[in-house]
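Chain by chain, the residues:
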Amino acid sequence: MAEKHKIIVYALSTCPYCKRTKRFLDAHKVVYEHVDVDLLDDSKQDEVLDKVEKLTGRKSFPVVIVGTEIIVGHDEQKLKKALNI
Amino acid sequence: MSSSQVERIYCPVCLAKFKFSEGWSEGSVVVCPICGERLTISKSADGWVGDRIDKGTEKEIRDRIDGFAEIRGYVFNDVKEDIVEGLMGKYKRFGDFYCPCRMEHVPEYQCPCKPTRGGDVEKNGKCHCGLFWKKA
Ligand code: SF4
Ligand SMILES: [Zn+2]
């Protein structure tokens, strides 16, 4: 498994697709860092939302970052490809 | 009250005023035709208002989304349960049933949100979260 890159998941704690993405990564034993953006305190939240918007052009979740690849939304095909699984 | 003037009832969920139907009176339980919320109606100094039944409970939000789907003829799939869980999380953390897939905690994103009430499902086949679906 190619896990050379740090993998980060930006999610909302309440969003069903974010949950599916996390479940999918867990099922494939992928190690990742995750941030529930809605649970951050205000200043940190603004900072992360800004970052997500810069990276993706919108405030839509989940966002998965694998090295230079950015996957917006729950997309198993793209995840598989990016992670070589 | 003149009979030529249509009376309206204020819905505290979608913030719209819907038409008063014949046969309704103080204490009647009615369904808001715009958002699907079940309301007990009463007359206040500012006119008729609806009071949310079972406010803040899982029953309230289930009745509301089921009611809305019935009014519009939409269907659900297996994402529904995750979304109900997400809506409960929003209520607990942010004080009302705001869209679980959005960060905005404002009245227009109370589920069913304004875009959905405005016809998103007809346009895209589903609402932003994929709770409501157009019948195939
Ligand atoms: S997008 Fe769907 S689930 Fe989200 S608030 Fe609107 S109607 Fe509800
Ligand atoms: Zn309403």
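Source: prediction; values computed, not measured.

Some points on the overall build of chain B
Within chain B, the regular secondary structure consists of 4 helices and 7 strands. Order of helices (α) and strands (β) in chain B, N terminus to C terminus: β-β-β-β-β-α-β-α-α-α-β. Since a compact globule built from 136 residues should have a radius of gyration of about 14 Å, the 15 Å found for chain B is in line with a globular shape. By principal-axis analysis of the C-alpha atoms, chain B measures approximately 45 × 35 × 20 Å. When burial is assessed residue by residue, chain B has 44% of its 136 residues classed as buried. Pairs at least 24 apart in sequence give 42% of the contacts found in chain B among residues at least 6 apart. Looking at chain B as shown, the accessible area adds up to about 7,000 Å², and 50% of this sits on carbon and sulfur atoms. Positive and negative side-chain charges of chain B, numbering 22 and 21 respectively, have mean locations separated by a distance of 4 Å.

Concerning the coordination of the zinc ion (ligand 2)
Residues and elements named next belong to chain B. Bound to the zinc ion (ligand 2) on the protein side are Cys11 (SG), Cys14 (SG), Cys32 (SG) and Cys35 (SG), at distances that span 2.3 to 2.4 Å. Exposure remark for Cys14: the relative accessible area of 9% places this residue in the buried category. The class for Cys32 is buried, based on a relative accessible area of 0%.

Quick look at the sheet that holds strand β5 (residues 47-52) of chain B
All names here are of chain B. With respect to topology, 5 strands assemble into an open sheet ordered β2-β1-β5-β4-β3, the strand pairing being mixed. On the outer flanks of this sheet lie β2 (17-19) and β3 (29-31), each paired with one strand and no other. Shown here is a sheet whose adjacent strand axes are inclined to one another by a mean of 45 degrees, direction ignored. With 2 bridges connecting them, strand β1 (residues 8-10) and β5 associate as parallel partners. Looking across to β5, one finds that Tyr10 is bridged to Val49.

Remarks on the packing of aromatic side chains
Residues and elements named next belong to chain B. Counting across every chain of the model gives 8 aromatic pairs over all chains. The interplanar angle of 85 degrees and the centroid separation of 6.2 Å between the aromatic rings of Phe18 and Trp24 together place this pair among those described as edge-to-face. Pairing Phe20 with Trp24 gives two aromatic rings, centres 5.8 Å apart and planes at 70 degrees, and the pair type is edge-to-face. Relative accessible area serves as the criterion here: at 22%, Phe20 is assigned to the partly exposed category. Look at Trp24 and you get partly exposed, because its relative accessible area is 24%. Through pairs of rings, three or more aromatic residues link up here, namely Phe18, Phe20, Trp24 and Trp48. Over the ring of Phe76 we find Lys80, and its NZ or CZ is 4.1 Å from the ring centre.

Topic: the environment of Ser28(B)
All names here are of chain B. With respect to the helices and strands, Ser28 occurs in the loop between β2 and β3. Overall, the relative accessible area of 16% leaves Ser28 in the buried class. Sequence separation between Ser28 and Met88 is 60 residues; the distance between their C-alpha atoms is 27 Å. Once you skip the residues sitting within four places of it in the chain, Ser28 turns out to touch Gly23, Leu39, Thr40 and Ile41.

Overview of the pattern of salt bridges
Residues and elements named next belong to chain B. Within the structure shown, the criterion is met by 20 salt bridges over all chains. Note that Asp54 is salt-bridged to Lys59, the shortest N-O span being 3.8 Å. Across the pair Glu81 and Arg62 runs a salt bridge, and its minimum N-O distance is 2.7 Å. Here Arg62 lies in helix α1 (residues 58-72) and Glu81 lies in helix α2 (residues 79-94), a separation of 19 residues in the sequence. On the basis of relative accessibility, which here comes to 22%, the residue Arg62 falls in the partly exposed class. Several salt bridges converge on common partners, so that one network encompasses Glu37, Arg52, Glu60, Arg64 and Asp96.

Overview of the domain arrangement of chain B
Residues and elements named next belong to chain B. Taken domain by domain, chain B comprises domain 1 (3-52) and domain 2 (58-124). Here domain 1 and domain 2 have C-alpha centroids that lie 21 Å from each other. If you look at the interface, domain 1 gives 12 residues, while domain 2 gives 15 residues. Of the roughly 930 Å² buried at the junction of domain 1 and domain 2 (both faces included), carbon and sulfur atoms supply 48%. Looking only at domain 1, the three residues that lose the most surface to domain 2 are Val13, Cys35 and Arg52, adding up to 41% of its buried area.

The rules behind each value
Residues numbered from 1 in each chain as written. Chains lettered and ligands numbered in written order. Predicted model: local features only at pLDDT ≥ 70, side-chain atom pairs only at ≥ 80, totals over all residues. Heavy atoms only, no water. Helix = DSSP H or I, 4+ residues; strand = E, 2+ residues; numbered from the N terminus. Rg over C-alpha atoms; globule rule 2.2 N^0.38 Å. Buried < 20%, exposed > 50% of the residue type's maximum accessible area, 1.4 Å probe, protein only. Contact = heavy atoms within 4.5 Å. Areas by Shrake-Rupley, 256 points an atom, 1.4 Å probe, with all protein chains shown as cover. Lys, Arg positive; Asp, Glu negative; His and termini not counted. Charge placed at Lys NZ, Arg CZ, Asp CG, Glu CD. Donors = N, O, S within 2.8 Å, 3.2 Å for Na, K, Ca; no water. Pairing = 2+ DSSP bridges. Axes fitted to C-alpha atoms, helices over the stretch in contact; angles between N-to-C directions. Phe/Tyr/Trp six-rings, centres within 6.5 Å; stacked < 30°, edge-to-face > 60°. Lys NZ or Arg CZ within 6 Å of the ring centre and 35° of its normal. Salt bridge = Lys/Arg side-chain N within 4 Å of Asp/Glu carboxyl O. Domains from an automatic or database assignment. Buried area = accessible area lost by both parts, 1.4 Å probe.

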